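Letter by letter, the chains look like this.
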Amino acid sequence: KSGARLYLQQRSHVTFKDVAGLDEVKEELLEIVEYLRNPKKFAKIGGKVPRGVLLVGPPGTGKTLVARAVAGEAGVAFFSISASQFIEMFVGVGASRVRDLFNTAKKSAPSIIFIDELDAVGRSRGTGLGGGNDEREQTLNQLLSEMDGFESHEEVIVMSATNRPDVLDTALLRPGRFDRQVVLGRPDWRAREAILEVHTRRMPLAEDADLRVIARATPGMCGADLENLANEAALLAAREDAEQVAMIHFEKAKDRVLLGAERKLVLTD
Ligand code: ATP
């Protein structure tokens, strides 16, 4: 028995509507959505759809969200795992987990496999300092061989994410593997406004709550920070028994989010 399944299988209810400010990214991924919706059509015409897509961008910029949205738009099963989970415990387990994950996804095809933190297994081989290194290399080798081993009728797209594309083993990026890269940048103010709109859409906003002003005043914040900001603002409003979320709540929330971010910086230094 392989024990508990680590990866998460789910139907995704996230769609492109939930992804704000990444129009080019969505545009690039539309082809994959269309393929997954109707793989037979693509097969008939003989078009070659990328097997692997690498999402590149800083933390919190929506890589996981986008992968989920592709699954949601296409209405296919979504299997996600963080690459660090492949190699946590026992020697030899990583490779068999990779095999297990790919086999399961194939059974549910059309489907998407999403591997977060690809760099955890995907760093260049032969540069580690021993210890767990063999385990990692075995896991990486298994991943490479799974990517090569697909038959054309196996309708599985493998998406992965990293914020360190520079450390990846180049073998991962060869044709037929993660040969398509999609870059997610930090949002500009227009994108930040759109992200705030998404995360406040179910909130009663006061007349004075101007999302554009907030967006302009939050340079450097990523999608995850802005989601956090909107939630904090709503919590502050609720705590004051306010009926609506007002500008003052966003302002206080911003201080909190920034303080939280500072604390994180200090801790990771
Ligand atoms: P990490 O590298 O830390 O895994 P990530 O790039 O995968 O980060 P997500 O986990 O997708 O980031 O983002 C975290 C949350 O932030 C999302 O669930 C979403 O609620 C919000 N978010 C991020 N980017 C966007 C966006 N462009 N539009 C709307 N919400 C966003």
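Residues numbered from 1 in each chain as written. Predicted model: local features only at pLDDT ≥ 70, side-chain atom pairs only at ≥ 80, totals over all residues. Heavy atoms only, no water.

Under an unreviewed UniProt entry, the protein has the name ATP-dependent zinc metalloprotease FtsH and belongs to Syntrophotalea acetylenivorans.

A.B. asks: Quick question: what am I supposed to make of the site of the ligand here?
C.D. replies: With respect to spatial proximity, 18 residues lie near the ligand, and among them A20, G60, K63, T64 and E227 are the closest. A20 has a polar backbone atom sitting 2.8 Å from a nitrogen atom of the ligand. Between the ligand and the protein, one listed contact pairs an oxygen atom with a backbone N or O atom of A224 at 3.4 Å. Within the complex, 79% of the 630 Å² of free accessible area of the ligand lies under protein. At a threshold of 2 Å from the grid points, most atoms of the ligand map onto the largest pocket. Listing elements by their share of the shell around the ligand, those giving two or more residues are α3 (63-74), α8 (189-199) and α10 (223-239). (Near = heavy atom within 4 Å. Polar contact = N/O pair within 3.5 Å; in protein donor to acceptor, adjacent residues only side chain to side chain. Areas by Shrake-Rupley, 256 points an atom, 1.4 Å probe, with all protein chains shown as cover. 1 Å grid on protein atoms, 1.4 Å probe; cavity = no way out; pocket = protein on both sides within 12 Å on 5 of 7 lines; lining within 4 Å. Sits in = over half its atoms within 2 Å of the grid points. Helix = DSSP H or I, 4+ residues; strand = E, 2+ residues; numbered from the N terminus.)

A.B. asks: Help me understand the layout of surface pockets, please; the structure alone is not making it clear to me.
C.D. replies: Where empty space is left in the structure can be found by rolling a water-sized probe over the atoms. Considered as a void within the structure, the largest pocket measures approximately 730 Å³ in volume. In terms of lining residues, the largest pocket is bounded by 40 residues, among which G60, T61, G62, L65 and G223 are the most central. At the level of elements, α1 (23-37), α3, β5 (156-162), α8 and α10 are the ones that each hand at least two residues to the lining of the largest pocket. Across the lining of the largest pocket, the residue classes break down as 15 nonpolar, 12 polar and 13 charged. (Points joined across faces, edges and corners; volume = space filled by probe spheres on them. Nonpolar A, V, L, I, M, F, W, Y, C, P; charged D, E, K, R; others polar.)

A.B. asks: Just to check I follow, could you spell out the nonpolar core for this structure?
C.D. replies: Side chains of nonpolar character tend, in soluble globular proteins, to be buried together. Counting residues in hydrophobic clusters, the biggest one holds 29 residues, and the most contacted among them are L29, L36, L55, V70, I112 and M159. Contributions of two or more residues to this core are made by α1, β2 (52-56), α3, β4 (111-116) and β5. Apart from residues lying up to four places away in sequence, L55 is in contact with L29, K63, V66, A67, F114, M159, S160, A161, T162, V182 and L184. Core analysis: the next-biggest nonpolar cluster, separate from the first, contains 27 residues, L54, V98, L118 and A120 among them. (Core = buried A, V, L, I, M, F, W, Y, C linked by side-chain atoms within 4.5 Å. Buried < 20%, exposed > 50% of the residue type's maximum accessible area, 1.4 Å probe, protein only. Contact = heavy atoms within 4.5 Å.)

A.B. asks: I'm lost on α10 in this one. Help?
C.D. replies: Structural remark: α-helix, 3.6 residues per turn; residues separated by three or four positions point the same way. Between its first and last C-alpha, α10 extends 24 Å over 17 residues, near the 24 Å set by a 1.5 Å rise per residue. Those residues of α10 not exposed but buried are G223, L226, L229, A230, E232, A233, L236 and A237. Positive backbone phi, at 55°, marks D241, one or two positions downstream of α10. (Expected span 1.5 Å × (residues − 1).)

A.B. asks: How should the packing of aromatic side chains be read in this particular structure?
C.D. replies: For any pair of aromatic rings, the description consists of the separation of the ring centres together with the inter-plane angle of the planes. Within this structure, the stated rule accounts for 3 aromatic pairs. With a centroid separation of 6.1 Å and an interplanar angle of 20°, the aromatic rings of F78 and F114 are classed as stacked. Here F114 lies in strand β4 and F78 lies in strand β3 (residues 77-82), a separation of 36 residues in the sequence. The pair F78 / F114 is uniform in exposure class, with both members buried. (Phe/Tyr/Trp six-rings, centres within 6.5 Å; stacked < 30°, edge-to-face > 60°.)

A.B. asks: Before we go on, may I ask you to explain the pattern of salt bridges in this structure?
C.D. replies: Side-chain pairing between opposite charges can occur once the charged atoms of the two side chains come close. Per the stated rule, a full pass over the model turns up 10 salt bridges. Its salt-bridge partner being R180, residue E31 comes within 3.3 Å of it at the nearest N-O pair. Separated by 149 residues along the polypeptide, E31 in helix α1 and R180 in strand β6 (residues 180-183) bring together distant segments of the chain. Salt-bridge contacts for R212 lead to E193; the nearest nitrogen and oxygen are separated by 3.0 Å. Here R212, found in helix α9 (residues 211-216), pairs with E193, found in helix α8; they are 19 residues apart in sequence, far enough to count as distant. (Salt bridge = Lys/Arg side-chain N within 4 Å of Asp/Glu carboxyl O.)

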